[in-house]
There are 2 protein chains.
Amino acid sequence: MSAGWFRRRFLPGGPLPAPRPPRPRSSPVPYRRPRFLRGSGSGPGTADAPRRPDVRPVRSPARGRALPWNAGYAEIINAEKSEFNEDQAACGQLCIRRCEFGAEEDQEWQTLCPEEFLTGHYWALFDGHGGPAAAILAANTLHSCLRRQLEAVVEGMVATQPPMHLSGRSICPSDPQFVEEKGIRAEDLVIGALESAFQECDEVIGRELEASGQVGGCTALVAVSLQGKLYVANAGDSRAILVRKDEVRPLSSEFTPETERQRIQQLAFVYPELLAGEFTRLEFPRRLKGDDLGQKVLFRDHHMRGWSYKCVEKSDLKYPLIHGQGRQARLLGTLAVSRGLGDHQLRVLDTNIQLKPFLLAVPQVTVLDVDQLELQEEDVVVMATDGLWDVLSNEQVARLVRSFLPGNREDSHRFSELAQMLIHSTQGKDDSLTEEGQVSYDDISVFVIPLHSQGQRSSGH
Amino acid sequence: MSAGWFRRRFLPGGPLPAPRPPRPRSSPVPYRRPRFLRGSGSGPGTADAPRRPDVRPVRSPARGRALPWNAGYAEIINAEKSEFNEDQAACGQLCIRRCEFGAEEDQEWQTLCPEEFLTGHYWALFDGHGGPAAAILAANTLHSCLRRQLEAVVEGMVATQPPMHLSGRSICPSDPQFVEEKGIRAEDLVIGALESAFQECDEVIGRELEASGQVGGCTALVAVSLQGKLYVANAGDSRAILVRKDEVRPLSSEFTPETERQRIQQLAFVYPELLAGEFTRLEFPRRLKGDDLGQKVLFRDHHMRGWSYKCVEKSDLKYPLIHGQGRQARLLGTLAVSRGLGDHQLRVLDTNIQLKPFLLAVPQVTVLDVDQLELQEEDVVVMATDGLWDVLSNEQVARLVRSFLPGNREDSHRFSELAQMLIHSTQGKDDSLTEEGQVSYDDISVFVIPLHSQGQRSSGH
């Protein structure tokens, strides 16, 4: 694998094609608290009116106890969506200590006793909202949380089968059989570590933002290459796909108010007080109004995947818990994603209604068994924030990958240039690349990860 | 389609091969309330010690307002699991009135004005536990609930696109566009009707069992053929599969304490009082004991798909909310399924801890677009209760279907005989049919539904 720090570019006055206004982040008709209720809310900041954070975007990955980063390709373009680029990224080598020693000894130990470390690679994209603060904190923190979580279970990960007791002590002779019957494998410990790391990072962000008086949240998409497998953990609406010669495979699902409708409605059903009497839990095709009263209209509740009709009552006229359609769907009229980090202080405009109870910091993790793939040189994983996928489909990205890579085999930076090309193709420079010449006005970040070199780490590529 | 009442056979002393005891329905080490706590519980009946119901199995489908049943194939065999056969089945034509008229006019109207009815077919399997009472009630009730729910939305179903308002009244000119953007189709109304019908039927069963002092619950697997589509609704551990010449496709998923672990743990996390301090919400590879105290052992909580290690505390030694492995997994040490109808009174043995809050009556519905399939004469759907799938895999059933049907083309009862043959193949009569000559001791019910005649209903087959 070609080594090199990832590059980050800001194009504050980039060559954008059209004077169209930026894609709105809040719904077309955002929730407005009824006038007679305004004034009593005292939320420190909201998605519509975030307090400008004091921090600046950090331009290098976190240091801390991590060993030098050495691989990955990222392009981040700020398409004037916000004053600060709300996208952040991090990547590098992940070194997991297999035994206890002091922080200052790490560097030396890794040279002297490499077998005392389990090494992997880490790539992460964070798409911020309400300012870049949470995304910056996540880019600086999540890999440390993950390393800590992995080090806590590494002995189980390197065993043939994770032992019932981490100490390896045998209390019940049939313990290995119980573990076997549950089908628990080393990869389940990595999944568990990723889940815990996201939650730990979310807590750190909550504390740091509160201490510094800042606000905001971010999505998080992480890929980890470890022990011949690629783990993709996603909380938010970024996406990772595998592109091979004859295959395009999604490696993540998006978590939005629409995709998580039933979970969100269910929570409001269990805790109606979270809506403070200002929202309706039910879903209708559009927001209802006085003329709909008494009519039987289409609706869905938390337990329904199908639709039915109900007679409209006065309480159904409230603003819907989830409102809008597709990319415009908003949770509590405020947020376009339903999982991510941060947002501990986020409230609905002019109210005390908190968003956080409806948000999950826990990611969904998928595992790609790279060692089992018959890898070809141009097999890659493409990770990108939502701006790319707003404009390009998985198939379109795959076509661009397949047309770009074979013609650039001699270029040692071709994966980085592919990432750049993918972003440029969303900027309206070539109408043939996107359907109907669509253009993205969002911050966009892309990683292109060549799997072939991942699979051949030891061969010196 | 060959018409005929479905046949139901009871083989109370059938030719069973081995003297092995029946497969236990409760876990190998069932939950026992600690002795010092016993006596205060006053549950009217539990899965381990059900009160024998007074009712007898009903041998004909419900009458009520349903028009004559006329199609379907079922074999039900009681393999001495219980004194009463806990499996029940129902099938027949489903006639949905498109306008209002009196009950006594239905029969005449259907002859005079068939266009005033939307007709379909209905097949249902119910696998009871704690006695046959709930399964019998479900077999007699669910189709009526479904007919009522479908009649409530039939005008939306037959429209080109379900209207925002059932009355068809236009309040907002862009209403059709809102419905279009949400992607709401006629099939979503059928899915919604199935979801509502299961819940309505569950309420009816709860009332009827309470009024008659009976107990019990049942799983429910329903297939409905309507407007060129086959809807499969499942709540429990029965299964339906599509078998074609070159394809085997699952049409349902099973709902057990294992497959619904996260939902069940999540509920216990939100309402810890449901466990009354006697169970632990966490999952471990086995039940913990005193020697595990202080050790770091493998565990999972509600938010985790992966595994991690935790230091064992005293509260972790309680009986697990979900215990046992695979087919032996039990919810609260009592029940092997996590969705179904009934069980309103079911409590953990010797306690007041109720099972019902953890059970869902709502089914998962899948839709098979039969009209879009290039149907061949031997394409069938096989529906069966869990006893069949304990012994035969989907692929094994498909092989039996494909070997049986082509050789029996002249036999007008061949689908019925195929159902019979599938059941016999689980009774140990031919070791070559199942892996390692496995035998089922459970009640087993099977429907074989020929799709070819479904697709050609109007051609008079």
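Structural data are supplied above this passage.
Residues numbered from 1 in each chain as written. Chains lettered and ligands numbered in written order. Predicted model: local features only at pLDDT ≥ 70, side-chain atom pairs only at ≥ 80, totals over all residues. Heavy atoms only, no water.

**Structural notes on the packing of aromatic side chains**
Residues and elements named next belong to chain A.
- Scanning all chains against the criterion turns up 2 aromatic pairs over all chains.
- With 5.8 Å between their ring centres and 90° between their planes, F279 and Y319 make a pair best called edge-to-face. You can see F279 sitting in strand 8 (residues 279-280) and its partner Y319 sitting in strand 11 (residues 319-320), a full 40 residues away along the chain.
- Overall, Y319 belongs to the buried group, its relative accessible area being 2%.
- Above the plane of the ring of F255 lies R339, whose end atom (NZ or CZ) is 4.0 Å from the centre. (Phe/Tyr/Trp six-rings, centres within 6.5 Å; stacked < 30°, edge-to-face > 60°. Helix = DSSP H or I, 4+ residues; strand = E, 2+ residues; numbered from the N terminus. Buried < 20%, exposed > 50% of the residue type's maximum accessible area, 1.4 Å probe, protein only. Lys NZ or Arg CZ within 6 Å of the ring centre and 35° of its normal.)

**What to know about the relation of the copies chain B and chain A**
- Rotating chain B by 180° and translating it 0.0 Å along the rotation axis places it on chain A, where the RMSD comes to 0.0 Å. The superposition operator between the copies reduces to a two-fold rotation axis. Across chain B, the rotation axis passes nearest the C-alpha of V270 of chain B, at a separation of 4.3 Å.
- Comparing contact sets, 100% of the residues at the interface of chain B also lie at the interface in chain A, consistent with an isologous, same-surface contact. (Least-squares fit on C-alpha atoms with pLDDT ≥ 70 in both. Contact = heavy atoms within 4.5 Å.)

**Things to note about unusual backbone geometry**
- Phi is positive for A276 of chain A, which is not a glycine, with a value near 50°.
- By the element assignment, A276 of chain A lies in the loop between helix 5 (261-270) and strand 8.
- The backbone phi angle of D343 of chain B is positive, close to 65°, even though this residue is not glycine.
- Mapped onto the elements of the fold, D343 of chain B is located in the loop between strand 14 (341-342) and strand 15 (364-368).

**Overview of the pattern of salt bridges**
- Taken as a whole and judged by the stated rule, the model has 52 salt bridges over all chains.
- We note a salt bridge from E254 of chain A to R239 of chain A, for which the minimum N-O separation is 2.9 Å. Taken together, the residues E254 of chain A in the loop between strand 7 (247-250) and helix 5 and R239 of chain A in strand 6 (residues 239-244) connect sequence positions 15 residues apart.
- Since its relative accessible area comes to 22%, E254 of chain A is described here as partly exposed.
- R239 of chain A gets classed as buried once you look at its relative accessible area, which sits at 16%.
- Close ionic contact of R147 of chain B with E151 of chain B constitutes a salt bridge, the shortest N to O distance being 3.3 Å. (Salt bridge = Lys/Arg side-chain N within 4 Å of Asp/Glu carboxyl O.)

**Quick look at the interface of chain B and chain A**
- In this assembly, 48 residues from chain B lie in contact with 48 residues from chain A.
- Approximately 4500 Å² of surface area, both sides summed, lies buried where chain B meets chain A, with 57% of it carried by carbon and sulfur atoms.
- Of all residues in chain B, M164, K182 and Y309 of chain B give up the largest surface area on contact with chain A, accounting jointly for 16% of the area buried on that side.
- Taken together, the links from chain B to chain A amount to 4 salt bridges.
- Here E283 of chain A makes a salt bridge to K182 of chain B, at a shortest N to O gap of 2.7 Å.
- Counting every contact that joins chain B to chain A gives 28 residue pairs in polar contact (both at pLDDT 80 or more).
- Counting only elements with at least two residues in the side of chain B that touches chain A, the list comes to helix 2 (133-158), helix 3 (175-181), helix 4 (186-212), strand 9 (296-299) and strand 10 (308-311) of chain B.
- Top contributing element to the side of chain B that touches chain A by residue count: helix 4 of chain B, with 6 residues.
- Residues of the side of chain B that touches chain A, tallied by class, amount to 24 nonpolar, 11 polar and 13 charged. (Buried area = accessible area lost by both parts, 1.4 Å probe. Polar contact = N/O pair within 3.5 Å; in protein donor to acceptor, adjacent residues only side chain to side chain. Nonpolar A, V, L, I, M, F, W, Y, C, P; charged D, E, K, R; others polar.)

**Overview of the pairing of strand 16 (residues 380-384) of chain A**
Residues and elements named next belong to chain A.
- Burial within strand 16 is extensive, with 5 of its 5 residues counted as buried.
- By the alternation rule, side chains of strand 16 split into V380, V382 and A384 and V381 and M383, which are all buried.
- Pairing geometry for strand 16 and strand 17 (residues 444-450), over 5 bridges, is antiparallel. Counted as the bridge partner of V382 is V448 from strand 17. (Pairing = 2+ DSSP bridges.)

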